[in-house]
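Here is how the chains run, residue by residue.
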Amino acid sequence: MAEGRLKIVVFGSFNAGKTSLIQALDPRSRHIEATSDEGRTTVAFDFGRLQVRDRAVYLFGTPGQERFEFVRQILSRGMDGAIIVVDATTGVDTMTQHLYANLKSLDVPLAFMANKCDSPGATPEAIRRALPGETVHFISARNGENVHAALDAFVATLAAR
């Protein structure tokens, strides 16, 4: 993106909390969703924008189902960084591993956000152990816990590059 702007794309499995994360960061965010057998789900993308440090940050949330790979590819174009949201109650699943491998091959700056850390059965430390050497922030998108601090830390690493 242009000077002073960052495009960050948010990835994750179905129901990991991508939409909730973007809404916690930007309450005026927009999303396109539909109802499926699995419940309400993003079918195109989420969009949020906010100011972090001296940067305009544009957040694009992707759908989590495999069938929307083409949407993830389109939204990934020109990204400055990527966030993978992982549900701390279910851990690093096959979809998360797939997303991680794809993003590593693109050599894009990456951060993980272990979401739902406040939920019963959450094991955020297991996510950190499953992703050695990667930055993992513990958050709760539903109540906003640590979401701004985690994004601020990630933007700081992007700005330092």
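Residues numbered from 1 in each chain as written. Predicted model: local features only at pLDDT ≥ 70, side-chain atom pairs only at ≥ 80, totals over all residues. Heavy atoms only, no water.

(A) Structural detail: helix 2 (residues 69–76). Considered for burial, the residues of helix 2 that qualify are Val71, Arg72, Leu75 and Ser76. All buried residues of helix 2 fall inside an arc of 130° around its axis, so they share one side. Just downstream of helix 2 lies Gly78, where phi reads positive at about 75°. (Buried < 20%, exposed > 50% of the residue type's maximum accessible area, 1.4 Å probe, protein only. Helix = DSSP H or I, 4+ residues; strand = E, 2+ residues; numbered from the N terminus. Arc of directions from axis to C-beta.)

(B) Structural detail: the pairing of strand 6 (residues 110–115). With six of its six residues buried, strand 6 lies for the most part within the structure. The alternating pattern of strand 6 places Leu110, Phe112 and Ala114 on one face and Ala111, Met113 and Asn115 on the opposite face, and all of these are buried. Where strand 5 (residues 81–87) lies against strand 6, six bridges are found, and the strand directions are parallel. Along strand 6, the bridge assignment pairs Ile83 with Ala111. Note on the crossover from strand 5 through helix 3 (residues 94–106) to strand 6: the handedness is right-handed. Inspection of the sheet shows strand 6 paired to strand 7 (residues 136–138) by three bridges, in the parallel sense. Residue pairing across strands places Phe112 opposite Val136, the latter belonging to strand 7. (Pairing = 2+ DSSP bridges. Right-handed = clockwise from strand over helix to strand, strands pointing away.)

(C) Broad picture of the packing of helix 1 (residues 18–25) against helix 5 (residues 147–160). With their axes 9 Å apart at the nearest point, helix 1 and helix 5 run at an angle of 90° to one another. Between helix 1 and helix 5, the interaxial angle falls into the category roughly perpendicular. Note on element contacts: helix 5 touches helix 1 through Val147, His148 and Leu151, opposite Leu21, Ala24 and Leu25. Looking at side-chain class alone, the contact of helix 1 with helix 5 contains five nonpolar, one polar and no charged residues. (Axes fitted to C-alpha atoms, helices over the stretch in contact; angles between N-to-C directions. Parallel < 35°, antiparallel > 145°, perpendicular 65-115°, else oblique. Contact = heavy atoms within 4.5 Å. Nonpolar A, V, L, I, M, F, W, Y, C, P; charged D, E, K, R; others polar.)

(D) Representation of unusual backbone geometry. Despite not being glycine, Arg53 shows a phi value in the positive range, around 60°. Within the fold, Arg53 resides in the loop between strand 3 (39–52) and strand 4 (55–61). Even without being glycine, Lys116 reaches a positive phi, approximately 70°. Turning to its location among the elements, Lys116 is positioned in the loop between strand 6 and helix 4 (124–130).

(E) Broad picture of the environment of Val9. Structurally, Val9 is set in strand 1 (residues 5–12). Taking C-alpha positions, Val9 is 5.8 Å from Leu59, a pair spaced 50 residues apart along the chain. Discounting chain neighbours no more than four positions away, the residues touching Val9 are Phe60, Thr62, Leu75, Ser76, Met79, Gly81, Ala82 and Ile83.

(F) Broad picture of the nonpolar core. In terms of nonpolar packing, the biggest core is built from 24 residues, with Phe11, Met79, Ala82, Ile84, Leu103, Phe112 and Ile127 touching the most fellow members. Apart from residues lying up to four places away in sequence, Met79 is in contact with Lys7, Val9, Phe11, Leu103, Leu106 and Val108. (Core = buried A, V, L, I, M, F, W, Y, C linked by side-chain atoms within 4.5 Å.)

(G) Quick peek at the side chain of Asp46. Locating Asp46 in the fold gives a position in strand 3. Salt bridges are absent for the buried Asp46, whose nearest opposite-charge side chain, Lys18, sits at 7.0 Å. Among the polar contacts listed, one links the side chain of Asp46 to the side chain of Thr19, at a separation of 2.7 Å. Asp46 has contacts with Lys18, Thr19, Ile22, Arg30, His31, Leu59, Phe60 and Gly61, leaving out every residue within four places of it along the chain. (Lys, Arg positive; Asp, Glu negative; His and termini not counted. Salt bridge = Lys/Arg side-chain N within 4 Å of Asp/Glu carboxyl O. Polar contact = N/O pair within 3.5 Å; in protein donor to acceptor, adjacent residues only side chain to side chain.)

Limitation: the analysis is restricted to geometry and does not speak to function.
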